[in-house]
Amino acid sequence: MAMAMAMRVESVEEAKQAAILPAAQEQRRVFPAGMLKLFLGLMLLGVVVGLSAFGLFLARHAGEVAAAAPALFRPCLGAAAAEPELEEGLERWTRPPARAQHAMTDEELLWLASYAPRMRGRSGYPFRRVPKVAFMFLTHGPLPLAPLWERFFRGNEGRYSIYVHTMPLYRANFTADSVFYRRQIPSKAVQWGQMTMCDAERRLLANALLDISNEWFVLVSESCIPLFDFNTTYEYFQNSSHSFVMSIDDPGRDGRGRYNLNMAPEVELEQWRKGWQWFEADRDLAVAIVEDTVYYPKFKQFCRPGCYADEHYIQTMLKIEAPHKLANRTATWVDWSRGGPNSAHPATFGRGDITEEFLKGVREGETCLYNGQNTTLCYLFARKFAPSALQPLLELAPTVLGFG
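Please read these numbers as outputs of a predicted model, since none were measured by experiment.

(A) Inspection of the overall build of the protein chain at higher detail. Per the secondary structure count, the protein chain includes 11 helices and 9 strands. Buried residues in the protein chain amount to 41% of all 404 residues.

(B) A look at the environment of Asp284. Following the sequence through the fold, Asp284 ends up in helix α7 (residues 283-290). When the C-alpha positions of Asp284 and Lys325 are compared, they lie 9.6 Å apart, and in sequence the two are 41 residues distant.

(C) Representation of the packing of helix α5 (residues 195-209) against α7 in the model. Interhelical geometry of α5 versus α7 gives an angle of 125° and a closest axis separation of 9 Å. Here α7 runs oblique to α5, going by the angle between their axes. When you trace α5 past α7, the crossing you get is left-handed. Between α5 and α7, the residues in contact are Arg202, Leu205, Ala206 and Leu209 and Arg283, Ala286, Val287, Ile289 and Val290, respectively. Class assignment of the residues belonging to the contact of α5 with α7 gives a composition of 7 nonpolar, no polar and 2 charged.

(D) Region of the structure containing the nonpolar core. Phe135, Trp149 and Phe385 are the most contacted members of the largest nonpolar core, which totals 52 residues. By residue number, the principal contributor to this core is helix α11 (residues 390-401), which donates 7 residues. Every residue in contact with Phe385, bar those within four places of it in the chain, is listed here: Leu145, Ser223, Ile225, Thr348, Phe349, Ile354, Phe358 and Leu393. Counting 48 residues, the second-largest nonpolar core is a separate cluster that includes Val190, Met195, Leu219 and Ala309.

(E) Spotlight on a nonpolar patch on the surface. Taken together, the side chains of Trp111, Leu112 and Tyr115 define a hydrophobic patch exposed on the protein surface, amounting to about 390 Å² of accessible area. Examined against the element boundaries, Leu112 turns out to sit in helix α3 (residues 106-113).

(F) Summary view of the sheet that holds strand β1 (residues 132-138). Across the sheet, 4 strands lie side by side as β2-β1-β3-β5; this open sheet has mixed pairing. The strands lining the two open edges of the sheet, one partner per strand, are β2 (160-165) and β5 (280-282). Geometrically, the sheet is characterised by an average inter-axis angle of 20° between neighbouring strands, direction not taken into account. Bridge analysis of β1 against strand β3 (residues 214-221) gives 7 bridges, and the strand direction is parallel. Among the inter-strand pairings, Phe135 is bridged to a residue of β3, identified as Val218. In the packing of α5 onto the sheet, contacts are made with β1, β2 and β3, and the angle to β1 comes to roughly 150°. Across the face of the sheet, helix α6 (residues 230-238) comes into contact with β1, β2, β3 and β5 while running at roughly 105° to β1.

(G) The confidence of the model for the protein chain, seen in detail. Per-residue pLDDT for the protein chain averages 82, and the proportion of residues at 70 or more is 73%. With pLDDT under 50 throughout, residues 1-31 is counted as low confidence; its partners more than four residues away or in other chains account for 2 contacts.

(H) Spotlight on the environment of Phe230. Relative to the assigned elements, Phe230 resides in helix α6. In the structure, Phe230 is positioned 78 residues away from Phe152 in sequence and 6.0 Å away in space, judged by C-alpha atoms. Not counting residues within four places of it along the chain, the set of residues in contact with Phe230 comprises Phe135, Phe152, Phe153, Asn156, Arg159 and Tyr160.

(I) Quick peek at the environment of Asn173. With respect to the helices and strands, Asn173 occurs in the loop between β2 and α5. Along the primary structure Asn173 and Pro142 are separated by 31 residues, whereas in three dimensions their C-alpha atoms are 9.2 Å apart.

(J) Structural context of the state of the cysteines. Counted under the stated rule, the structure contains 2 disulfides. Disulfide pairing is shown between Cys303 and Cys307; the S-S distance is 1.9 Å. Negative torsions about the S-S bond denote left-handed disulfides, and the value of about -90° found for Cys303 with Cys307 makes this one left-handed. For the pair shown, Cys303 and Cys307 are each scored as buried. In this model Cys368 forms its disulfide with Cys378; the gap between the sulfur atoms is 2.2 Å. An S-S torsion of about -115° defines the bridge between Cys368 and Cys378 as left-handed. With Cys368 in strand β7 (residues 368-370) and Cys378 in the loop between β8 (373-375) and β9 (381-382), the pair connects residues that are 10 residues apart, well separated along the chain. Looking at Cys368, the relative accessible area reads 12%, which means it is buried. Here the cysteine-cysteine linkages of the protein chain are recorded as 1-2, 3-4, numbering only bonded cysteines and doing so in sequence order. Residue Cys198 stays outside any disulfide, its sulfur separated by 7.4 Å from that of Cys303, the closest cysteine. Owing to a relative accessible area of 1%, Cys198 belongs among the buried residues under this scheme.

Cut-offs and rules
Residue numbers restart at each chain and count upward from 1, following the sequence in its written direction. Selection of residues for local features in this predicted model requires a pLDDT of at least 70, selection of side-chain atom pairs for listing and counting requires 80 or more, and totals for whole chains, interfaces and linings are taken over all residues. The basis for the side-chain values is all heavy atoms of the structure; hydrogens and waters are excluded. Under the scheme used here, helices are H or I runs from DSSP no shorter than 4 residues and strands are E runs no shorter than 2 residues, and both carry numbers assigned from the N terminus. For each residue, the accessible area found with a 1.4 Å probe, counting protein chains only, is set against the maximum for its type, and the residue is called buried under 20%, exposed over 50%, and partly exposed in between. Lines fitted to the C-alpha atoms define the axes, with helices restricted to the stretch that makes contact. Angles between their N-to-C directions range from 0 to 180 degrees. Note on angle classes: values under 35 degrees are labelled roughly parallel, values over 145 roughly antiparallel, values of 65 to 115 roughly perpendicular, and the remainder oblique. The sense of a crossing depends on the near helix, which, turned anticlockwise from the far helix by less than a right angle, makes the crossing left-handed and, turned clockwise, makes it right-handed. We call two residues contacting when some pair of their heavy atoms lies within 4.5 Å. Think of it as three bins: nonpolar holds Ala, Val, Leu, Ile, Met, Phe, Trp, Tyr, Cys and Pro, charged holds Asp, Glu, Lys and Arg, and polar takes everything else, Gly as well. Here the nonpolar core consists of buried residues drawn from Ala, Val, Leu, Ile, Met, Phe, Trp, Tyr and Cys, with membership extended through side-chain atoms lying within 4.5 Å. Patches in this entry comprise residues that are over 30% relatively accessible and not in a salt bridge; like charges within 9 Å are linked, as are nonpolar side chains (Val, Leu, Ile, Met, Phe, Trp, Tyr) within 5 Å. To be clear on the numbers: accessible area is Shrake-Rupley with a 1.4 Å probe, and residue cover counts the displayed protein chains and nothing else. Salt-bridge detection follows one rule: a side-chain nitrogen of Lys or Arg within 4 Å of a carboxyl oxygen of Asp or Glu. In this scheme, strands are said to pair when DSSP sees at least two bridges between them. Residue-level confidence of the predictor is what pLDDT reports, using numbers from 0 through 100. When the sulfur atoms of two cysteines come within 2.5 Å, that pair is taken as a disulfide.

Below, the structure written as structure tokens:
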């Protein structure tokens, strides 16, 4: 009987659940439907208002939207359809550096310059190229004769480059219209007669080699002047089959007397050479100088004070490596007679020395070999000239020197 009562109670509960479930399900169906109608109504109202506002915007800004349309509305075709980047051609690699300043170390600079092309002339290059002459000014600081050089370079843009090596703390103040504007290269301290002088020369050469069009490299100082017009100077170099580096065998105290036995075996006594510091070298020899790792360490270690590395390093190294390319003379005139045979410095010329006769004597006073032929055109530059010589030089330049 208890079992029968339990079955009746369970049946009653089931009946209650059966009655409640349809009502709850009906409530769930009715409640969302009302909310859905309200939500759809609000959405429709929002769309109508949005379209009306957009229509007003288009009416007022139709021109602006049309102009911006190409940028605003682009087909989404994936990464493969993106605009390709333009590939740079040969011009990127042959364009000279925009300025002389850079952040490279000497080691990095010499390494980069050692890979520079060695070709000469207008042919042999797959692009239009005008050979240039690089003028490398090695100076303590100011260039007092700059106005004369400005006249020399005037009208010859594209056929020369300028590089200035000063003491590190010096800052030139040339104006933007000057040929020397921003032509200072990163420099280090230089001491007269020591290997740091050769370091400066190699630094100048390396910077100049970064311009693929530089074909001749002329080392000058703040006391140097040009003796002829630019075109004469330019053609003299372009037509020369030799570089103008003095390299002689001096058996005396100031020649072989400076040789150190520790230089061997790279440099033997009979290979030791001497010459003036100021040189004019072609591109092939310029690369040879900056890439040298054989002779430079020997000179750096054993050519100590009293040896005067700037008179021996390049002169000896090139005599060993490329003797057939040397004219064994420099194209820079200098006068050692005033100080005597043992003088450490050549004569300096000031205002009172500058006359037409003096300049003509420097320009035509000697005979030398040029491409195997005798000529009186031996010197293209001269030194040493004091700042006081500038004014008379400017006055005589048009009639005697051929420029200005």
